[in-house]
Amino acid sequence: MTIPDRKWWQSATVYQIYPASFKDSNGDGVGDLQGIISELDYIQSIGVDVIWICPMYDSPQVDMGYDISDYEKVYPPYGTVADMEELIQKCHERGLRVLLDLVVNHTSDQHAWFQESRSSKDNPKRDWYIWRPARYVNGERKPPNNWLGNFMGSVWEWDEHTQEYYLHLFCPEQPDLNWENPETRQAIYKSAMEFWLERGVDGFRVDTVNMYSKGEMLDAPVTDPRSEWQFAGLQYCNGPRMHEFLSEMNQVLEKYDAMTVGECPHTPDMSRVLKYVSAKEKQLNMVFQFDVVDIGQGPYKFQTTPKNYTLPQLKHAIHTTQSLHRGTDAWTTVFLENHDQSRSITRFTSDAPEHRVAGGKLLSLMMTALSGTMFIYQGQEIGMVNFPLEWGMEEYKDVDSTNYYKMVAERTHNDPVELEAAHKSLQHLARDHARVPLSWDSTPNAGFSASKPWMRSLPDTAACNARAQQKDPSSVLGFWKRMLALRRQYADLLIYGDFDVLEKEDPEVFYFTKTYGTKKALAVLNFTDRELALRIPEEVRDQKAELLVSSVDGRAGDEGLVAWEGRVYLLS
Ligand code: GLC
Ligand code: CA
C-alpha cells in the first residue's frame, strides 16, 4: 500500500504562535511580530516546518483578535503590514511556511462593514450581517430564537437604532457575517484571503469553519430547563449550504495552492467530517476535530471537575480522529493543545513537579506516533503547564472564563461552594492557561518582556524555560526534537500508517499499533504515576519487538514501565 501523491503539508509539523504572548520586542508587555522574527532560529531548531500565527489583524481585542475590525491592517501593538511582509519573507528564506488565522464567520462590531450595516435598514450593507425582527411573547420583546451563545447568553443582540436584533454566535462584539449574500462572500475572499495570499502566505487555519451556513435558525431543544438559552451547536454548525460555500472558497485558495486546516466543532457525525476533508470534494485539506480536546468537559464546558474522563475514553476519541484517513482519500490532524485549550500535561498526565517532565515526554511520544499533520502550540514543546490554583480570578482574562464565572455567580447568588467549584474547573480547563507569556528564561517576566506582561507569567520558570532546555537533550524540548526527527525517519509508519487500539478497556496502559504495508510498530504508554510490569498484548505477542524509542533515557525495552513512560517498538 502506498499513498499516491503525497502533499507537503501531510508530513509537516506546524508550530502555533499566539502573538500577544510569544515574545515582546519593545518592552510594552505585549508580544509582537518583531518578537517572532527574533526567534525564528529557536522555532526552526524544534524541527517544525510551518508556523501558524493566531490573529494579528487590527481588532478591539474583545476576543483576543478573533474580533477583526480590519483584515488588511495589523493590530498596531503587534506591528504593521510591513512587519508581516518581513516575517513572511524571513520564514520563506529559511524554508518555513506561514499560515494565518482566517476568521470570517464574524467580524468585530467595529469593522466598517458592520458600522454601515447597522447604520440603517436600507444601507446597502444591511444584508451583510444577519438581522431579524423581534418576536413578541405576551407583549414582551424576545430574540428571534432561543440559541445559547458560545460565550453564554443569547446569540442575539438588540440594536436600538434600527429596532432589530443581529446574530452573534460569540460575543455581542462579534456579529456574524451573512454568507447567504454573494456580494459579502466576494468581499470576504478579497479582503480576508487574497490580501494576504498576495503577500505570500501559504495557507490558513480557518476559524469556526462549519458555521457559515445557519440554515433555518429554528429553536433548539430545551436541554437546560433553568436557562432561557439552549445549546444550539448542532443547529448552527454544518448548515445546508456549507459544502457549497467551502467549494467556492476553495476556488480562490486553489489559485494560490494554499493549504487549509478548518476548525470543526460539534460534528460527531464522521461522514460529515469526511465530506469536508475528502480530497475529491476539494473543500478543506484537513480539520481539527474536537473529540480529543472536548474530553472531560461538562454540558457547559466548565461545568465539570478536573480529569473527569477515563483512559478508555481518551483512546476512543483518538481512535475516532485517527480513523478518518483509513481507506479514504481524506487526511487528519494531531493536536492536544492550542490557544483554546489548557495545557496537555495538566489535562492528560500530571503536572506534579516530579512527573511533569515524564508526562510531557509521554505525550510527545504519543503524538509523534499518530498519523496526520501535527500541530504543536507554543510552550507545549518545553512542557509548560497550567497556572496554579492559588492564582485568583483576576488572572483570568478570557471572556470565555469570565462570562462563565459571572453566570455561576448570578445563578447561585454567589454561593461560595459553587464559585470555588467554578474556579477549580477553570484552573483545569480555561483557555487562559495557554495564553500566558512563553517562559523563555528564569529572569523576571520569564524573559518574555522587559516590563510587566499583559498576563502574568508562570511561577515555575526555573523548572521550565526554553533557554535552559535548548542546551539540554534530556529536557522535554530535547525529546520533542528527537521525536520529530524520528517521525520523519519512519514517516510511512508514524505519519501515514493505519492506527489500531489494542486492549481498549485497559484503564492504565494505552497500546496501539501503526501499520503500513508489511511494516508495523507498537506503542505502549503508561498513563499512571506508578511502575507497571510490561505486558505485550496477545495480538502481537508472537512478533519480535525491537525498541525504537522510550520516553525515559537508558531503557532496554524488556523491563517494566516506570511512571508515565511511553515506548515505541518496531515489530517483525
Ligand atoms: C475559534 C477560536 C477562538 C475564538 C472563536 C471565535 O473557536 O479558536 O479562540 O474565540 O473561534 O472566533
Ligand atoms: Ca511589544
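Keep in mind that what you see is a predicted model, and the values were worked out from it rather than measured. (Residues numbered from 1 in each chain as written. Chains lettered and ligands numbered in written order. Predicted model: local features only at pLDDT ≥ 70, side-chain atom pairs only at ≥ 80, totals over all residues. Heavy atoms only, no water.)

This brings us to the overall build of the protein chain. Along its length, the protein chain carries 17 helices and 20 strands. Relative to its length of 572 residues, the protein chain is compact, with a C-alpha radius of gyration of 24 Å against a globular reference of 25 Å. Each principal axis of the C-alpha atoms in the protein chain carries an extent, and together these give about 75 × 55 × 50 Å. Counting over 572 residues, the protein chain shows a buried share of 62%. Long-range pairs, those at least 24 residues apart, make up 72% of the contacts in the protein chain between residues at least 6 apart in sequence. As presented, the protein chain carries roughly 21700 Å² of accessible surface, and 50% of it is formed by carbon and sulfur atoms. Here the protein chain contributes 59 positively and 83 negatively charged side chains, and the mean placements of these two sets differ by 3 Å. (Helix = DSSP H or I, 4+ residues; strand = E, 2+ residues; numbered from the N terminus. Rg over C-alpha atoms; globule rule 2.2 N^0.38 Å. Buried < 20%, exposed > 50% of the residue type's maximum accessible area, 1.4 Å probe, protein only. Contact = heavy atoms within 4.5 Å. Areas by Shrake-Rupley, 256 points an atom, 1.4 Å probe, with all protein chains shown as cover. Lys, Arg positive; Asp, Glu negative; His and termini not counted. Charge placed at Lys NZ, Arg CZ, Asp CG, Glu CD.)

Attention now moves to the coordination of the calcium ion (ligand 2). Protein coordination at the calcium ion (ligand 2): the donors are Asp 24 (OD), Asn 26 (OD1), Asp 28 (OD), Val 30 (O) and Asp 32 (OD), at 2.3 Å from the metal. Motif for the calcium ion (ligand 2), donor spacing along one chain: D-x1-N-x1-D-x1-V-x1-D. Using a relative accessible area of 7% as the deciding quantity, one classes Asp 24 as buried. (Donors = N, O, S within 2.8 Å, 3.2 Å for Na, K, Ca; no water.)

Before going further, it helps to spend a moment on the sheet that holds strand E16 (residues 498-502). The strands making up a sheet associate through backbone hydrogen bonding, with each pair oriented either parallel or antiparallel. Spatially, the five strands line up as an open sheet ordered E16-E17-E18-E20-E19, and their pairing is antiparallel. A strand with exactly one partner marks an edge of an open sheet, and here the two such strands are E16 and strand E19 (545-550). Shown here is a sheet whose adjacent strand axes are inclined to one another by a mean of 25°, direction ignored. With eight bridges joining them, strand E17 (residues 509-516) and strand E18 (residues 519-526) adopt antiparallel strand pairing. Bridge pairing links Lys 514 to Ala 521 in E18. (Pairing = 2+ DSSP bridges. Axes fitted to C-alpha atoms, helices over the stretch in contact; angles between N-to-C directions.)

On to the site of ligand 1. Lining the immediate environment of ligand 1, one finds 14 residues, of which Asp 63, Asp 207, Glu 263, His 339 and Asp 340 sit closest. One of the side-chain N or O atoms of Asp 340 is found 2.4 Å from an oxygen atom in ligand 1. Burial of ligand 1 by the surrounding chains reaches 96%, relative to a free accessible area of 300 Å². The class makeup of the residues in the shell around ligand 1 is three nonpolar, four polar and seven charged. (Near = heavy atom within 4 Å. Polar contact = N/O pair within 3.5 Å; in protein donor to acceptor, adjacent residues only side chain to side chain. Nonpolar A, V, L, I, M, F, W, Y, C, P; charged D, E, K, R; others polar.)

Next up on the list: the UniProt feature "domain: Glycosyl hydrolase family 13 catalytic" (unreviewed entry) in the protein chain. Per the UniProt record, "domain: Glycosyl hydrolase family 13 catalytic" (unreviewed entry) is annotated on residues 16-435. The span residues 16-435 carries 32% helix and 13% strand; its end-to-end C-alpha distance comes to 12 Å. (UniProt positions renumbered as here; feature names shortened; annotations may be inferred.)

It is worth spelling out the side chain of Thr 162 at this point. Along the polypeptide, Thr 162 turns up in the loop between strand E9 (156-159) and strand E10 (164-167). Thr 162 sits in the buried class, given a relative accessible area of 7%. Aside from chain neighbours lying at most four places away, what touches Thr 162 is Arg 118, Ser 119, Ser 120, Lys 121, Arg 126 and Trp 131.

The terminal C-alpha atoms of helix H16 (residues 476-489), which comprises 14 residues, lie 20 Å apart, in line with the 20 Å expected from a rise of 1.5 Å per residue. For H16, every residue scored as buried is listed here: Val 476, Leu 477, Gly 478, Phe 479, Trp 480, Met 483, Leu 484, Leu 486 and Arg 487. (Expected span 1.5 Å × (residues − 1).)

A word on the packing of helix H8 (residues 242-255) against helix H9 (residues 270-277). The contact between H8 and H9 brings their axes to 10 Å, and the two run at 20°. By the criterion of interaxial angle, the relationship of H8 to H9 is roughly parallel. When the axes of H8 and H9 are compared, the crossing they make is right-handed. Packed against H8, whose contacting residues are Met 242, His 243 and Leu 246, the element H9 presents Arg 272, Lys 275 and Tyr 276 at the interface. (Parallel < 35°, antiparallel > 145°, perpendicular 65-115°, else oblique. Left-handed = near helix turned anticlockwise from the far one by under 90°.)

With that settled, consider the pairing of E18. Within E18, six of the eight residues are buried, which leaves the element mostly enclosed by the surrounding structure. Here E17 folds back onto E18, and the loop between the two strands holds two residues, one of which, Gly 517, carries a positive phi near 55°. Relative to strand E20 (residues 566-571), E18 runs antiparallel, the two being bridged by six bridges. Bridge pairing in E20 links Leu 525 to Gly 566.

Before going further, it helps to spend a moment on H9. For H9, every residue scored as buried is listed here: Val 273, Tyr 276 and Val 277. Taken down its axis, H9 places every buried residue within 85° of arc, on the same side. Those residues of H9 hidden inside the fold are in contact with H8 and strand E13 (286-288). (Arc of directions from axis to C-beta.)

Taken in spatial order, the three strands make up an open sheet running E6-E10-E9, and their pairing is antiparallel. The outermost strands of the open sheet, each flanked by one partner alone, are strand E6 (131-132) and E9. Taken together, the four bridges between E9 and E10 define a ladder with antiparallel strand orientation. In the strand pairing of E10, Trp 158 is matched with Tyr 165.

Across all of its chains, the model carries 33 aromatic pairs by this definition. Measuring from centroid to centroid gives 4.9 Å for Trp 158 and Tyr 165, while their planes differ by 65°, and the two rings are edge-to-face. Judged by relative accessible area, which is 5%, Tyr 165 ranks as buried. Where Trp 179 meets Phe 245, the ring centres are 5.7 Å apart and the plane angle is 45°; that geometry is what we call tilted. Here Phe 245 lies in helix H8 and Trp 179 lies in the loop between E10 and helix H6 (182-197), a separation of 66 residues in the sequence. Each member of the pair, Trp 179 as well as Phe 245, carries the same accessibility label: buried. (Phe/Tyr/Trp six-rings, centres within 6.5 Å; stacked < 30°, edge-to-face > 60°.)

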